[in-house]
Amino acid sequence: MTKKDQRTDAAREKDREKWMARFQVRLAMQPGVDRAVVLQAVKEVTAHCADTGEHPRAAFGDPDAYAVQAAARLVPADRAARARQRNAVVDALDSVQKRAGDIAGL
């Protein structure tokens, strides 16, 4: 294998790792996603890419968009809805706390 081929392979591997890292982070941010869901999705992507030799971007597209799709497929709708509701409550409390701090001059 020539040095150019090695550099190309290294660049392809680095790009694959960046795609996977972004996918994992974006997936973890989706409502209702827990560690088990992330591990299952990563296992599916890794297995597909190992079987086909495809780059994850070629197989699944944008990591952000695929994270949303994977979450919708792997997280039960009721669990995702509860997580969204919980997130909305936390956001509202944070907003109230910030306003109270602004009023108190903190």
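Residues numbered from 1 in each chain as written. Predicted model: local features only at pLDDT ≥ 70, side-chain atom pairs only at ≥ 80, totals over all residues. Heavy atoms only, no water.

Caption draft 1: Local environment of the packing of aromatic side chains. Scanning the entire structure with this criterion turns up 4 aromatic pairs. Of the aromatic side chains, those joined through ring pairs into one cluster are Trp19, Phe23, Phe60 and Tyr66. (Phe/Tyr/Trp six-rings, centres within 6.5 Å; stacked < 30°, edge-to-face > 60°.)

Caption draft 2: Fine view of the nonpolar core. Counting 18 residues, the largest nonpolar core has Trp19, Phe23, Leu27, Val33, Val45 and Tyr66 as its most contacted members. Among the elements of the structure, α1 (3-28), α2 (35-52) and α4 (63-74) are those that each provide at least two residues to this core. Counting residues per element, this core draws most heavily on α2, at 6 residues. (Core = buried A, V, L, I, M, F, W, Y, C linked by side-chain atoms within 4.5 Å. Buried < 20%, exposed > 50% of the residue type's maximum accessible area, 1.4 Å probe, protein only. Helix = DSSP H or I, 4+ residues; strand = E, 2+ residues; numbered from the N terminus.)

Caption draft 3: Examining the pattern of salt bridges more closely. One pass over the structure, following the stated rule, counts 4 salt bridges. Here Arg16 ties to Glu13 by a salt bridge, and the two come within 2.8 Å at their closest N and O atoms. Highlighted residues: Arg16 and Glu13, both in helix α1, separated by 3 residues, approximately one helical turn. You can call Glu13 partly exposed: its relative accessible area is 33%. In this structure, Asp64 engages Arg26 in a salt bridge whose closest nitrogen and oxygen atoms are separated by 3.2 Å. Within this pair, whereas Asp64 is found in helix α4, its partner Arg26 is found in helix α1, the two being separated by 38 residues in sequence. By relative accessible area, which is 28% here, Arg26 ends up partly exposed. Each of the salt bridges in this network shares a partner with another, and the network as a whole consists of Arg22, Arg26 and Asp64. (Salt bridge = Lys/Arg side-chain N within 4 Å of Asp/Glu carboxyl O.)

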